[in-house]
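Tertiary structure, described
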Amino acid sequence: MSKPKQSDAVYQKCINPACAAEFDCAQVLFKCPECGELLDALYNWDKIEVPDKLNDFAERWANRDNRLDFSGVWRFRELLNFCDDKHKVTIGEGQTILQRNDAVAGYVGMKPACLYLQYEGLNPSGSFKDNGMAAAFSHAASVGAKSCACASTGNTSASVALYAHHCGLKCTVFVGSGRIAFGKLSQAMDYGALTIQVLGDFDDCMRQVQAVCSRLGLYLLNSLNPFRLEGQKTIMYRIIEALGWEVPDWIIVPGGNLGNSSAFGKAFYELKQLGLIDRIPRMAIVNSTGAATLADLVNNRKLSWNNGRVEQKIIDDYYADLAARNFSPHTCASAIEIAHPVNLKKSLRAIDICNGVVLAVTDEEICDAKAIVGKFGLGCEPASAATIAGLKHLVTDGIVDSNQRVACVLTGHLLKDPDLTVNYHKDRLGRFSNRPVEVPNDLDEIIKLIH
Ligand code: F0G
């Protein structure tokens, strides 16, 4: 096992403090080979020249002819500098915006100028995943990977397929049959991935893909990959950049496989460590009630990070209960339909770093919140709207104050799941449905209707 040299600026390290094994970045590892826990990409900051003020990053954005400066991921490259510039992959990810939205603020009970929406659906494949893939494919390039795979509830497969075809890697994606939204499935096929529909759910796919990657030596692109999470840190950099380098009071994020929440906690921890921010925002992670592992474990079974000594028995008992009930998660927010989130422990660490809270919202609340984001904002997919539904609860319960500054991460584009949207407006009739009206093919009738 090659250990990192003391002089290395970047290395991999097991998150389990009782193990704390360290590895070179050139090794392709998705779990600690010594204890099986998750790995971090870590930096010796005194060996990296990090700009001493955050504004230096923003100034790069004007260099349109420098591909790394223009990338919303790589213009922050000193904060995720795990490979040479020549291996850094970009397809224009991270050109996403933070928009103030007073109408949605009103819906959740917040004051004007307090709610901001971070539209990650504006990425090339239509979801936040591209932030992570720019980073993970750069690592794949630096280790010479030729073939890659992932399991997915849809967005990961779309993003992996897009980056793989851009980088010339063979690509296999595993999705639960009938479990992913059509927009996402169409992307994986169109970008040329071998698309394997497993007769099972996401958790089954996640197990299979790990076994396949180990057997066949494929490069795994799920968020077990520590380099992917490095890319997802940049969503937080862009939020504070858009706020003039001020840290919001709250970040609200949907919780599925828990990669984002894990990456966000790490991002803020490192910025504070570097003295680039003076305080860390609080974070709320929002599950769906149909897939509420994190909410159940944290709120009902009192699981916590506990300085890295997470009580494994609580997790094992919980999963044994799920298995005894033959439980399979179900929610209309198919992106977060996950019962065994692989980043659970890193997410507990992020909750600890950010003084975080976890809650779960119903499908009805998600669909109504999604309609509100569509009516007053730029739209989003159901999982993303869980943030708005969750925030409404947090304001009602007095956990978020109505005049605090909040940023909700809208993780995926509205067009990812057109079926759910059409169904909500046309057939199912939710609180904010906007039903299409049928008329005879007759000008007078049409004019009468519009009047
Ligand atoms: N929102 C969207 C739109 C997603 O696609 C996902 C995850 C999440 C939220 C949850 O993020 O896993 O970081 O907690 N989608 C994965 C996929 C699982 O396969 O596309 P997380």
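What you see is a predicted model; the values in this text were computed from it and never measured.

A short note on the overall build of the chain
- Regarding its fold elements, the chain presents 17 helices and 13 strands.
- For 451 residues, the compact-globule estimate of 2.2 N^0.38 gives 22 Å, and the chain sits close to it at 22 Å.
- Projected onto the principal axes, the alpha-carbon positions of the chain cover approximately 80 × 50 × 45 Å.
- Going through the 451 residues of the chain one by one, you find that 59% of them count as buried.
- Taking the contacts inside the chain whose residues are at least 6 apart along the sequence as the reference set, 70% of them involve residues at least 24 apart.
- Working note: accessible area of the chain is about 18300 Å², and carbon and sulfur atoms make up 49% of it.

Regarding unusual backbone geometry
- A positive phi angle is found at Asn 306, which is not glycine, with a value near 50°.
- If you trace the backbone, Asn 306 turns up in the loop between α11 (293–300) and α12 (312–324).
- Among the residues examined, Asn 306 registers a relative accessible area of 44% and is labelled partly exposed.
- The phi dihedral of Asn 307 is positive, around 55°, even though this residue is not glycine.
- In this structure Asn 307 comes out as exposed when scored by relative accessible area, which is 61%.

Description of the sheet that holds strand β2 (residues 22–23)
- The three strands lie next to each other as β2-β1-β3, forming an open sheet whose pairing is antiparallel. The sheet is open, and its two borders are formed by β2 and β3 (39–43), each paired with just one other strand.
- Where strand β1 (residues 10–14) lies against β2, two bridges are found, and the strand directions are antiparallel. Of the residues in β2, the one forming a bridge with Gln 12 is Phe 23.

Some points on the site of the ligand
- Around the ligand there are 20 residues in total, and Thr 153, Gly 256, Asn 257, Leu 258 and Thr 411 lie nearest to it.
- Between the ligand and Thr 411 there is a distance of 2.7 Å, counted from a nitrogen atom to a side-chain nitrogen or oxygen.
- In the complex, 99% of the free accessible area of the ligand, which totals 480 Å², lies under the protein chains.
- For the ligand, the cavity whose grid points lie within 2 Å of the majority of its atoms is the largest cavity.
- Put simply, the parts of the chain that give the shell around the ligand at least two residues each are α5 (155–167) and α10 (259–273).
- Broken down by class, the residue content of the shell around the ligand amounts to seven nonpolar, 11 polar and two charged.

Criteria and thresholds
Position numbers for residues start from 1 in each chain and track the written sequence from start to end. Local features are withheld for residues below a pLDDT of 70 in this predicted model, meaning they are given only at 70 or higher, and side-chain atom pairs are given and counted only at 80 or more; totals for whole chains, interfaces and linings count all residues. The basis for the side-chain values is all heavy atoms of the structure; hydrogens and waters are excluded. Elements are defined by DSSP. Helices are runs of H or I of four residues or more, strands are runs of E of two residues or more, and each kind is numbered from the N terminus. Values of the radius of gyration come from C-alpha atoms, whereas the globule rule sets the reference at 2.2 Å times the count of residues to the power 0.38. Three exposure classes are used, based on accessible area relative to the maximum for each residue type with a 1.4 Å probe and protein chains only: buried under 20%, partly exposed in between, and exposed over 50%. Note on definitions: a residue-residue contact is assigned when non-hydrogen atoms from the two residues lie within 4.5 Å. Accessible areas in this description were obtained via Shrake-Rupley with a 1.4 Å probe; residue shielding takes into account the shown protein chains only. Criterion used throughout: strands pair if DSSP finds at least two bridges between them. By convention in this text, a residue qualifies as near a molecule or strand provided that one of its non-hydrogen atoms is within 4 Å of it. We define a polar contact as two N or O atoms separated by no more than 3.5 Å, with the added condition that, inside protein, one atom must be a possible hydrogen donor and the other a possible acceptor, whereas residues neighbouring each other in sequence contribute only through side-chain atom pairs. In the cavity and pocket records, a cavity denotes points on a 1 Å grid over the protein atoms alone where a 1.4 Å probe fits but cannot get out, a pocket denotes an open set with protein on both sides within 12 Å along at least 5 of 7 lines, and lining residues are residues with an atom within 4 Å of a point. Cavity and pocket membership follows a simple rule, namely that a molecule belongs there if more than half of its atoms are within 2 Å of the grid points. All amino acids are sorted into three groups, where Ala, Val, Leu, Ile, Met, Phe, Trp, Tyr, Cys and Pro are nonpolar, Asp, Glu, Lys and Arg are charged, and the leftover types, Gly among them, are polar.

Don't take any of this as a statement about function, it's just geometry.
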